[in-house]
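# Understanding the architecture of this molecule
As a plain string of letters, each chain reads:
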Amino acid sequence: MDTSATPNSGIEPQKAGIAIKVFGVGSAGINVMEQMVTRGCSAMTFAAINTDSRNLAKSSATEKIHLEIKMLRGLGTGGDPERGVAAAEENAEKLKAACAGADVIFILAGLGGGAGTGITPVLARVAKETGALVLGFVTTPFDCEGRRRQTLARLGLEALKAAADGVICLPNQMVCKLIDENTSVVDTFRITNELLGDGLVGVWRLLTQPSLIEIHFADVCALFRDRHAESFFAFAEAMGPTRSREAMDKLLAHPMLAAGEMLAESETALVSLMGGPDLTMAEINRVMEHLQRHCEHAQVIMGAAVDESFRDRLAITLIASRKSHDPHAELTEPPAKTEELDTQLLTRTATARPGSRFVPPPPDLPPEQVEQLLKRRAPGSPRSRRNLSKMLQAQLPLEIVSKGRFDKSEPTIHAGEDLDVPTYIRRGVALN
Amino acid sequence: MFEPSPIIVGLEIGTSKVCAVVGELTAENVLNVVGLGQARSRGVRKGEIADPQVAEEDVRYAIVEAEQMADVEIRSVYLGVSGGHLRGFNNRGVHPVVSSDREISEEDVQDVIKNAKTINLPAQNHVIHAIRQHFLVDGQDGITNPVGMLGSRVEVDVHVIHGNLNRLQNAIRTVKGLQLEVDDIVFTGLASSLALLTNEQKEMGSLVIDIGGGTTEYVVYANGIIKHTGVLAVGGDHVSNDLAYGLKVPLSRAEQLKVEHGSALVEDSTKGQTVTISNELGLPVRTVNLEHLRRIMFLRLEEIFQLIGHDLEQAGALDYLRAGVFLCGGGARIAQIAKLAEQVLQMPVTLGKTNSISGLKSALDQPEFASAIGLVKFGTFQQRKRALKASLAEGIKATFDQLFRRP
């Protein structure tokens, strides 16, 4: 992780006029931000937002925003996003004031809890209203944290995606692959925080460092806008004359990429190369060629930058994203949608009903409705259970093509295609 | 030495069938196939064992049948292995010639081969074959035996086929569970090519494609050596599965439709034609559009050949294939498959015939037995090699060892 720590310390952004502000929302977000502060990213200003004043007091951010409403009495949200939303809505003016003046706003948060899940979408919306570009960096909970938190996180993610210009999401569960059995809990969270921080620094560097091949913010946003559910980061650095090959090998060996498997499945990839003045075109070429071969199906955007301190070194940052393979993703999303339809019927707010029930309408709802939705999600309510089962049935034909007898065997993936799925379906040949 | 006629058994645990072939080396060192046993395979998916118990049962059936037919007792087998985890690549070893007169000695050759065979692989990977290709002396290519030549540097290429150790162990354990020894494990694609190709065809350059139930293996020979190998975990099972899905029929019915009405090409004459499926009483149950059936098959098979073609193109092996393509495995039975392969790969395609083996003619002509017969052939090569290696003293020792090893 030292790759990203070294270059940015003390280097001011040299593209003129980009004011970057980083918001850490909720305790998880603040923790990530804490790490960034200690890393010394002096070019950004930091602000911490939370409902829990004690947690906020520990933060070393320059700006602290305590979202206080009477209901909470200065305590946390207790894992209830609804309260987070309420707190954020009530203090929208405060947030707006904090966002003022920034051109680019990064929001760091851990989804699944109360503050992060609830406040983040509101903050993103408010920030956009001030005219800033908003990019979210969020984590989703570990699987063991339970279904409810996962569901909340997913709802929060959807809301955030609708509100922000781009979201990079790191499922914590993925980090489990990176660590060994004996890693302590503290270390595990430190690693996820580091990864998220690395991702942010990587993007920040892409945007601000003077580069040979520029990446614009719009490109980044286009890449990460509602395309995916999971992102992964990988970093590699190498020195010496064979650095391009070495760095590439290191990158591909990165546990996050699961031996290149993730790359093959990725839909979008953002590559940033960082080298000294001695960086050659051939090196860039070699790295990119190699990468392109690994992710044939992905839309790849690359940037290259030169830094004096990187003489004889080469650092590659890769941020890629793929469609979610989480089986819950398909199952938990629809219930939210039915409920939305339901609410529409019940409250008779006759917004235009989507043409097809499967077109995912962006949950661009007024906060009261979001609140209502979340309330409706409360377990045990007979309506929600009925809806759930109803929806699951309707979802069946949408399930990916059944693989028949190969259902339980290991899939045959070739260049990102699952060969177990009938060829005529993959090629879209219609049998009339 | 004391063995009257050593028998060699090839066992293939395939996705659709388990097949054991018993071969016998006659006094003139000619291979004669004397027995064949087969059983429907139920415990295998995509060439790998998914249900060890059922697989063991099937293997037992096949072995017993082969034993009865050949009237021998089978103690050890050459086991064919396959599966999507197998990979092949070429590795080069380099060795400088240090002797003062620059003459390449036998030791130099041994050293360079050893160098080429040291391969950096993850711990869980097992090298199944490391097959020697040509030597290079000071960059001069195509030398088969450099001993006695002058040069400063010897290089050799080996073709390495490796796979995941645990998955290979699964098959071996199944066989060992039946109190059978495993002489060696052999990549089934390699075995098929041994059964089909003559030396001349290997010299000319040929591609063998073994389309099995769960996997498709391919092997490229050029200039008499193995140039490239590969496995695709797609086979006849996938065709049936596609049909079952596309025509909405049960899998068994799809299998039957494939065999009875399948073809690798879609002809214009099939347009609008239908096939009636009847139940066991002969009553019509459903009609199926023949064109759809053929189109689904065509697309799947075309894709298999395209994937192989693409892989060979990347490996640069396509230009060597002057003798053309040889098909075997159960998939070679599909009507007009040779024509389809010809269209996709743009070279002459023939259905492979096992040759240079005598014995049960009925067994030898079937394309699906090619790999099992090839296993036996591989066994004879090993046996001969062993016989050559063993000097007299060692030979006696080995004989005693063998005697004492008997239960």
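Model, not experiment: these values are computed from the prediction.

In terms of regular secondary structure, chain B is built from twelve helices and 19 strands. Once local pairs closer than 6 in sequence are excluded, the contacts in chain B between residues at least 24 apart make up 69%.

Okay, helix α8 (residues 290-315) of chain B next. With 26 residues, α8(B) should reach 38 Å at 1.5 Å per residue; the first-to-last C-alpha distance of 37 Å fits that figure. Phi for B:Gly316, located one or two positions after α8(B), is positive at around 70°.

Once that is clear, we can look at the packing of helix α6 (residues 115-129) of chain A against helix α7 (residues 147-163) of chain A. Residue and element names in this part refer to chain A. Packing of α6 against α7 brings their axes to within 9 Å, and their N-to-C directions diverge by 0°. Classified by the interaxial angle, the pair formed by α6 and α7 is roughly parallel. The residues of α7 that touch α6, namely those facing Thr117, Thr120, Pro121, Ala124, Arg125 and Lys128, are Leu152, Ala153, Gly156, Ala159, Leu160 and Ala163. Split by residue class, the contact of α6 with α7 holds seven nonpolar, three polar and two charged.

As a further point, take the interface of chain B and chain A. On the side of chain A, 15 residues touch chain B, which itself brings 21 residues to the contact. The set of elements that each furnish at least two residues to the side of chain B that touches chain A consists of α6 (236-247) and α8 of chain B. Considered class by class, the residues forming the side of chain B that touches chain A number nine nonpolar, five polar and seven charged.

Right, let's get into unusual backbone geometry. Residue and element names in this part refer to chain B. Unusually for a residue other than glycine, Lys46 sits at a positive phi of about 50°. As for its placement among the helices and strands, Lys46 is situated in the loop between β4 (44-45) and β5 (48-49). With a phi close to 55°, Lys248 is a non-glycine residue in the positive phi region. Looking at the secondary structure, you find Lys248 in the loop between α6 and α7 (251-261).

With that out of the way, let us pick up the packing of helix α2 (residues 26-39) of chain A against helix α9 (residues 185-208) of chain A. Residue and element names in this part refer to chain A. Here α2 crosses α9 at 65°, and the two axes come no closer than 9 Å. For the element pair α2 and α9, the recorded crossing hand is right-handed. In this structure, α2 contributes Asn31, Val32, Gln35 and Met36 to the contact, and α9 contributes Asn193, Glu194, Leu196, Gly197 and Leu200. In terms of residue class, the contact of α2 with α9 is built from four nonpolar, four polar and one charged.

Across soluble globular proteins, nonpolar side chains show a tendency to be buried alongside one another. If you look at the biggest cluster of nonpolar residues, it comprises 113 residues, and the most contacted ones within it are B:Val9, B:Leu11, B:Ala20, B:Val21, B:Tyr78, B:Leu301 and B:Leu327. Per-element tally for this core: the top contributor is α8(B), with twelve residues. When residues of this core are assigned to domains, at least three map to each of domain 1 (87-161) and domain 2 (203-354) of chain B. Once you skip the residues sitting within four places of it in the chain, B:Tyr78 turns out to touch B:Ile8, B:Val9, B:Gly10, B:Leu11, B:Asp183, B:Asp184, B:Val186, B:Leu375, B:Val376, B:Phe378 and B:Gly379. In terms of nonpolar packing, the next biggest core, distinct from the first, is built from 100 residues, A:Val37, A:Ile65, A:Leu279 and A:Met302 among them.

Further remarks concern the environment of B:Gly329. Residue and element names in this part refer to chain B. Residue placement: Gly329 occurs in the loop between β17 (324-328) and α9 (337-345). Taking the C-alpha atoms as reference points, Gly329 and Gly352, 23 residues apart in sequence, are found 9.2 Å from one another. Once you skip the residues sitting within four places of it in the chain, Gly329 turns out to touch Asp210, Ile211, Gly212, Pro367, Glu368 and Ala370.

It is worth spelling out the environment of A:Val271 at this point. All names here are of chain A. Positionally, Val271 belongs in strand β9 (residues 268-275). With 45 residues separating them in the primary sequence, Val271 and Ile316 have C-alpha atoms 7.0 Å apart. Non-local contacts of Val271, meaning those with residues more than four positions away in its chain, are made with Leu291, Val300, Met302, Ile316 and Leu318.

Let us now look at the pairing of strand β3 (residues 63-66) of chain A. Residues and elements named next belong to chain A. The pairing of strand β2 (residues 45-50) with β3 spans four bridges and is classified as parallel. Paired with Ile49 across the bridge in β3 is Ile65. Tracing the backbone out of β2, into helix α3 (residues 53-58) and back to the parallel element β3 gives a crossover that is right-handed.

Residue and element names in this part refer to chain B. As summarised here, the arrangement of the five strands in space is β14-β13-β12-β17-β18, forming an open sheet in which the pairing is mixed. Unpaired on one side and paired on the other, β14 (225-232) and β18 (349-351) mark the two borders of the sheet. Each adjacent strand pair in this sheet contributes to an overall mean axis angle of 20°, direction not counted. Examined bridge by bridge, strand β13 (residues 216-222) and β14 share seven bridges and lie antiparallel to one another. Bridge pairing in β14 links Tyr218 to Gly230. Most of the contacts of α9 go to β18, to which it runs at about 155°, and overall it touches β17 and β18.

Reading the values: rules and limits
Residues numbered from 1 in each chain as written. Chains lettered and ligands numbered in written order. Predicted model: local features only at pLDDT ≥ 70, side-chain atom pairs only at ≥ 80, totals over all residues. Helix = DSSP H or I, 4+ residues; strand = E, 2+ residues; numbered from the N terminus. Contact = placed C-beta atoms within 7 Å. Expected span 1.5 Å × (residues − 1). Axes fitted to C-alpha atoms, helices over the stretch in contact; angles between N-to-C directions. Parallel < 35°, antiparallel > 145°, perpendicular 65-115°, else oblique. Nonpolar A, V, L, I, M, F, W, Y, C, P; charged D, E, K, R; others polar. Left-handed = near helix turned anticlockwise from the far one by under 90°. Core = buried A, V, L, I, M, F, W, Y, C linked by C-beta atoms within 7 Å. Buried ≥ 20, exposed ≤ 12 C-beta atoms within 10 Å, placed from the backbone. Domains from an automatic or database assignment. Pairing = 2+ DSSP bridges. Right-handed = clockwise from strand over helix to strand, strands pointing away.

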